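If you want the building blocks of each chain, they are given just below.
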Amino acid sequence: MGEKGKLYNFGHAVDVDIIKNITDVFEHVMSNTSEAELVAAINWYPIAHAFCAAWAQAFGLETWQVAGIVAALSPQLSWQKNKEQALETIARLQNGRTLGGMQAYPVNRSKAIRIFNGENPLDALGGLKVRSFYLNIMLDTESVTIDRHACAIALFGLDTAKSGQITVTDKLYKLLAKAYTDVAQQYNIAPYVVQSVTWTYKAANGGKA
């Protein structure tokens, strides 16, 4: 069942069964997580989509605009801070205020402004991860967000001692995205569900389900 690939971890070539690693973590979380936590993990992106839709209505914008602004500001921000910064950005822009002093990087604020002004997020956003994050918030069932946790899960599986600090090249990103998609097909679910469920293993629970 596995899909082996020669990947590079800190400069050393390693043979890893990435399909097995992702599947092992997915099944581990599914079997060892409380019902409430599991529901939240499975529905992470639908919940994020609902957040964007609700605030889009409140601000008089389109859902894709709020989702695009959230994605634009997401690098290096926690999810809670990401949401707060997105709402603050929209509020300031609607009131003609500048975005100075905010935590998001200036280049990402500029992208948020472009999306607020109507530019397609896929034109404004850069990088596979941020574009995929936007698409997943919009419930796209073909893309998958590969961050350092998703990468670590694919390379190391249940081995929580391994670091997730790995540079994800475009080539590696596409290979891992395909692996998450292949695992999702086994369960007839969207790839973003596999990613959000396994993400809890590394990110939300300190490596433990």
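Our subject is the structure listed above.
Please read these numbers as outputs of a predicted model, since none were measured by experiment.

What counts and how
Residues numbered from 1 in each chain as written. Predicted model: local features only at pLDDT ≥ 70, side-chain atom pairs only at ≥ 80, totals over all residues. Heavy atoms only, no water. Helix = DSSP H or I, 4+ residues; strand = E, 2+ residues; numbered from the N terminus. Buried < 20%, exposed > 50% of the residue type's maximum accessible area, 1.4 Å probe, protein only. Areas by Shrake-Rupley, 256 points an atom, 1.4 Å probe, with all protein chains shown as cover. Core = buried A, V, L, I, M, F, W, Y, C linked by side-chain atoms within 4.5 Å. Contact = heavy atoms within 4.5 Å. Polar contact = N/O pair within 3.5 Å; in protein donor to acceptor, adjacent residues only side chain to side chain. Axes fitted to C-alpha atoms, helices over the stretch in contact; angles between N-to-C directions. Parallel < 35°, antiparallel > 145°, perpendicular 65-115°, else oblique. Left-handed = near helix turned anticlockwise from the far one by under 90°. Nonpolar A, V, L, I, M, F, W, Y, C, P; charged D, E, K, R; others polar.

(A) Inspection of the overall build of the protein at higher detail. The helix and strand inventory of the protein stands at 11 helices and 2 strands. Overall, the protein shows an N-to-C arrangement of helices and strands of β-β-α-α-α-α-α-α-α-α-α-α-α. A total of 209 residues make up the protein; the buried ones form 47% of that total. Here the protein displays about 10300 Å² of accessible surface, and carbon together with sulfur accounts for 51% of that area.

(B) Inspection of the nonpolar core at higher detail. Core analysis: the biggest nonpolar cluster contains 63 residues, and Ile-22, Ile-69, Val-70, Ile-137, Ile-146 and Tyr-180 have the highest contact counts within it. Sequence-distant contacts of Tyr-180, defined by excluding residues within four places in its chain, comprise Ile-22, Val-144, Ile-146, Ala-150, Ile-153, Ala-154, Val-194, Gln-195 and Thr-198.

(C) A look at the environment of Asn-95. With respect to the helices and strands, Asn-95 occurs in the loop between helix 5 (79–94) and helix 6 (106–116). Exposure remark for Asn-95: the relative accessible area of 59% places this residue in the exposed category. For Asn-95, the side chain forms a polar contact with the main-chain oxygen of Ala-91, separated by 2.9 Å.

(D) Just the packing of helix 1 (residues 18–32) against helix 10 (residues 170–187), in detail. Interaxial distance between helix 1 and helix 10 falls to 9 Å at its minimum, and their mutual angle equals 55°. Between helix 1 and helix 10, the angle is such that the two are oblique. The two elements helix 1 and helix 10 meet at a crossing, and its hand is right-handed. Contacts from Ile-18, Ile-19, Ile-22, Thr-23, Phe-26 and Glu-27 in helix 1 reach Leu-175, Leu-176, Ala-179, Tyr-180, Asp-182, Val-183, Gln-186 and Tyr-187 in helix 10. Residues belonging to the contact of helix 1 with helix 10 are distributed by class as follows: 10 nonpolar, 2 polar and 2 charged.

(E) Expanded view of helix 4 (residues 63–73). Where burial is concerned, most of helix 4 is hidden: 9 out of the 11 residues are buried. Among all positions in helix 4, only Gln-65, Val-66, Ala-67, Gly-68, Ile-69, Val-70, Ala-71, Ala-72 and Leu-73 are buried. Taken together, the buried residues of helix 4 touch helix 3 (44–59), helix 5, helix 6, helix 7 (121–124) and helix 8 (128–137).

(F) Structural detail: unusual backbone geometry. In this structure, Gln-76 is a non-glycine residue whose phi angle is positive, near 70°. Structurally, Gln-76 can be placed in the loop between helix 4 and helix 5. Gln-76 sits in the exposed class, given a relative accessible area of 68%. Its identity as a non-glycine residue notwithstanding, Asn-188 has a phi of 55°, on the positive side. With a relative accessible area of 73%, Asn-188 lands in the exposed category.

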